[in-house]
Structures are given as structure tokens and as C-alpha cells.
Amino acid sequence: VSVFLDGASQLLFSDVDQDGIVDEDDSCPFDPLNDADSDGMCSTEFCFDFFFESILSCNNYRPNERLARRCALAGKCRVCSCSCYSECYGNVDECPFDDENDVDSDGICGDVDSCPYDDENDFDGDLWCADAESCP
């Protein structure tokens, strides 16, 4: 399938996240805030798997699938950018505004966690996080 890209479409595909930095020079090509929390990991807000590629093969390149770890070799980093993100671009920043990336591993990013260093989030309900009280 051939697709003609006009000037606007060409620009869109050279700066996918629309941050004004062309993808080849962008350290976070799918993250318009370019690692807002400066933890060295990018979000994937604007990653995409091209529709026709997805039907044919992108899902096969996801981690733990039959073609995992072959994205770069097969030239799929760009057309299967969501499926191939970890292999081609590094770890996904699940907490793009938390530079410690959920340090207590409770599944709540620190920027919105009421107890960012308490993995049980004030389990006893006394309004004190375990890391801040003497008798948690």
C-alpha cells in the first residue's frame, strides 16, 4: 500500500509528538514534554502502531511475543513505535511527573501519591504515612 504524504503530513511524521524537535534529533520522540521529570525515561503519549502494520505484524513485536527483540533488525521501530518502544527507545516512563518513578512500588506515582514513601498508603488510617510516624 502506498500513501502520498503532503507537506503537513510529512511534518507530522518527522515530529510525531509536535514539540518542535524533529524526531531524529529528539531524545524523546513520542513525549512532547521531553522527560518532564528528568529521570532519563520518556513517556509514550504519542507512540503509534501504523494501522496496516498493526494488522499484519506490530503485535508480534511486543515483549514476550514471537518476534520480540527483533524490531530494530526488521526496521519496525518507527512503524510499530508502541509495540517496539522498549527495544528501540528504552524504558517507558510510567510516571512522567515523578522523578523517583513510584519509589514505594505501590502502583501510584509519587506526584499523586498521598504517601509516596509508604507502600501501604497509611494502612492504619491515622493520617500519618508509615515513613513519617514512629509506630506505623
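These lines cover the structure that appears in this document, whether it is placed above or below. Keep in mind that what you see is a predicted model, and the values were worked out from it rather than measured.

1. With respect to the packing of aromatic side chains
Here a ring pair, both rings aromatic, is described through the centre-centre distance and the interplanar angle of the planes.
Part 1 of the reasoning: Throughout the structure, instances matching the rule amount to 4 aromatic pairs.
Part 2 of the reasoning: With a centroid separation of 5.3 Å and an interplanar angle of 35 degrees, the aromatic rings of Tyr85 and Tyr89 are classed as tilted. Placement of both Tyr85 and Tyr89 in helix H4 (residues 85-89) is noted, with a separation of 4 residues, approximately one turn of the helix.
Part 3 of the reasoning: Note on Tyr89: relative accessible area 31%, which makes it partly exposed.

2. Some points on the side chain of Asp23
Part 1 of the reasoning: As for its position among the elements, Asp23 is in the loop between helix H1 (7-14) and helix H2 (51-56).
Part 2 of the reasoning: The buried category is assigned to Asp23, whose relative accessible area is 11%.

3. Let's talk about the environment of Ser81
Part 1 of the reasoning: Note that Ser81 resides in the loop between helix H3 (71-74) and H4.
Part 2 of the reasoning: Note on Ser81: relative accessible area 0%, which makes it buried.
Part 3 of the reasoning: Note: C-alpha distance between Ser81 and Phe30 (51 residues apart in sequence) is 8.7 Å.
Part 4 of the reasoning: Discounting residues that sit within four places of it in the chain, Ser81 has contacts with Phe30, Cys47, Phe48, Asp49 and Lys76.
Part 5 of the reasoning: Among the polar contacts listed, one links the side chain of Ser81 to the backbone oxygen of Phe48, at a separation of 2.7 Å.

Rules and cut-offs
What you see as residue numbers is a count from 1 along each chain, following the sequence as written. Only residues with pLDDT of at least 70 get local features here, since the model is predicted, and only at 80 or more are side-chain atom pairs given and counted; chain-wide, interface and lining totals rely on the full set of residues. Excluded from the side-chain calculation are hydrogens and water; included are all heavy atoms of the structure. Side-chain rings of Phe, Tyr and Trp (the six-membered ring for Trp) are treated as a pair once their centres are within 6.5 Å; stacked means planes under 30 degrees apart, edge-to-face means over 60, and tilted covers the remaining angles. Where helices and strands are cited, they refer to DSSP runs of H or I of at least four residues and of E of at least two residues respectively, numbered from the N terminus. The classification of residues rests on relative accessible area computed with a 1.4 Å probe and restricted to protein chains. Under 20% of the type maximum is buried, over 50% is exposed, and intermediate values are partly exposed. By definition, residues are in contact when any of their heavy atoms lie within 4.5 Å. Any N or O atom pair separated by 3.5 Å or less is treated as a polar contact, with the protein-specific requirement of one donor-capable and one acceptor-capable atom, and with residues adjacent in sequence counted only for side-chain atom pairs.

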